[in-house]
Amino acid sequence: MTRQTVGTPYAAIIGDIKDSRKIADRKEVQEQFHSILQIINEKYAEDIASNFIITLGDSFQGLLKNKQVILSIIFEIELAMAPVELRFGIGLGNISTTIQRDNSMEMDGTAYHRARKMIETIEGNENKYTTSETNMMICSGEGYQQTDQLLNTILSLATALKSKWSARQKEVMYAYFTHGENQYKTAEELGIGQSSVNKALNTAKYYTYKTALIDASHFLSQSIEGEDE
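Novice: Could you give an account of the pairing of strand 4 (residues 86-93), with specific residues and numbers?
Specialist: Working note: regular strand, side chains alternate between the two faces of the sheet. Of all eight residues in strand 4, eight are buried; the element is thus mostly enclosed. When strand 1 (residues 10-17) meets strand 4, the two strands line up antiparallel, connected through eight bridges. Opposite isoleucine 14, over in strand 4, you have glycine 89 as the bridge partner. In this sheet, strand 5 (residues 136-139) lies alongside strand 4 in parallel orientation, the contact comprising four bridges. Note that in strand 5 the partner of isoleucine 90 across the bridge is isoleucine 138.

Encoded structure:
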């Protein structure tokens with residue numbers, strides 16, 4: 001266990017599986033979910049303050065000390081879990097309790113409060129016809145409302161773009177992402193030609209989507225301090 005540095009902003013990610021009760025093979029999905037979070041914890045170990053864990057069967061949470069990898073982690077989880085749909089609430093702020101690497105259930109702070117608020121907002125918006133569609137939202141606290149609005153607009157547009165992706169495109173993108181964005185290694189992994197990988201990525205507007213995430217992540221890490229209210 002470690003104590004947080006006073007004034008140090010963290011990024012909490014809280015997520016859940018959408019319509020989990022309608023999933024026929026829930027046990028298999030939960031096992032897959034657990035395996036993916038383990039991969040995330042190992043891959044991003046240096047960026048994580050408290051490991052990603054499953055909290056209530058269909059929900060999960062994790063705490064990051066590096067804000068720049070927030071959207072990369074979300075993107076990787078989404079692709080790995082496809083076609084299962086998820087929601088993500090992102091909260092920036094401080095942690096008021098002792099940080100525990102392996103047990104975030106006993107932790108609390110404004111970062112978690114804001115992340116939960118975003119999950120609730122997403123769920124509430126799903127029943128409103130006049131609200132823009134999104135499956136991920138961020139809250140940075142008092143003084144950053146305009147910045148949050150801009151970032152959430154980008155995330156909403158990103159949601160609209162990825163809603164057009166086919167299952168095969170998601171499979172290709174995940175293989176491409178996890179193979180260091182190497183088209184030849186991706187083609188070998190999937191047993192297809194490099195040209196097919198290139199076509200799938202371009203048709204899905206992968207590079208446009210990735211550029212949006214990179215720019216949003218850079219802005220997020222440079223412009224928002226996530227201070228307490």
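Novice: Give a detailed account of the confidence of the model for the chain, specifying residues and quantitative values.
Specialist: Per-residue confidence for the chain averages 87 on the pLDDT scale, and 92% of its residues sit at or above 70. Looking at the elements of the chain, mean pLDDT is at its lowest for helix 8 (residues 206-223), recorded as 85, and at its highest for helix 7 (residues 194-203), recorded as 97. In the predicted structure, residues 1-7 sits below a pLDDT of 50 and forms 13 contacts with residues beyond four places in sequence or in another chain.

Novice: Before we move on, can you summarise the packing of aromatic side chains with the specific residues and values?
Specialist: Applying the stated criterion across every chain yields a total of 11 aromatic pairs. Geometrically, the ring pair formed by phenylalanine 75 and phenylalanine 177 is edge-to-face, given 5.3 Å between the ring centres and 85° between the ring planes. Here phenylalanine 75, found in helix 2 (residues 70-81), pairs with phenylalanine 177, found in helix 5 (residues 167-178); they are 102 residues apart in sequence, far enough to count as distant. Given a relative accessible area of 5%, phenylalanine 75 falls into the buried group.

Novice: So, the sheet that holds strand 3 (residues 59-64): which residues are in play, and what are the values?
Specialist: Strands sit in the order 2-3-1-4-5 across an open sheet of five strands; the sheet is mixed. The open sheet terminates on both sides in strands that have one partner only, identified here as strand 2 (48-54) and strand 5. Between one strand axis and the next, the sheet turns by 10° as a mean value, whatever way the strands run. Against the sheet, helix 2 contacts strand 1, strand 2, strand 3, strand 4 and strand 5, and its axis sits at roughly 165° relative to strand 4.

Novice: Help me get a handle on helix 4 (residues 145-162), residues and values and all.
Specialist: Between its terminal C-alpha atoms helix 4 stretches 25 Å, which fits the 26 Å expected from 18 residues at 1.5 Å a residue. Looking only at helix 4, the buried set comprises Thr147, Asp148, Leu151, Asn152, Leu155, Ser156, Ala158, Thr159 and Lys162.

Novice: Hey, could you go over the packing of helix 1 (residues 26-43) against helix 2 for me, with residue numbers and the actual values?
Specialist: When two helices pack together, their arrangement is given by the angle between their axes and by how far apart the axes lie. The interhelical angle for the contact between helix 1 and helix 2, taken along N-to-C directions, is 150°, at an axis separation of 10 Å. Classified by the angle their axes make, helix 1 and helix 2 are roughly antiparallel. Helix 1 and helix 2 meet at a crossing whose hand is right-handed. Touching Val29, Gln32, Phe33, Ile36, Leu37, Ile40 and Lys43 of helix 1 are Ile73, Glu76, Ile77, Ala80 and Met81, all from helix 2. The residue inventory of the contact of helix 1 with helix 2, partitioned by class, reads nine nonpolar, one polar and two charged.

Calculation notes
Residues numbered from 1 in each chain as written. Predicted model: local features only at pLDDT ≥ 70, side-chain atom pairs only at ≥ 80, totals over all residues. Heavy atoms only, no water. Buried < 20%, exposed > 50% of the residue type's maximum accessible area, 1.4 Å probe, protein only. Helix = DSSP H or I, 4+ residues; strand = E, 2+ residues; numbered from the N terminus. Pairing = 2+ DSSP bridges. pLDDT = per-residue confidence, 0-100. Contact = heavy atoms within 4.5 Å. Phe/Tyr/Trp six-rings, centres within 6.5 Å; stacked < 30°, edge-to-face > 60°. Axes fitted to C-alpha atoms, helices over the stretch in contact; angles between N-to-C directions. Expected span 1.5 Å × (residues − 1). Parallel < 35°, antiparallel > 145°, perpendicular 65-115°, else oblique. Left-handed = near helix turned anticlockwise from the far one by under 90°. Nonpolar A, V, L, I, M, F, W, Y, C, P; charged D, E, K, R; others polar.

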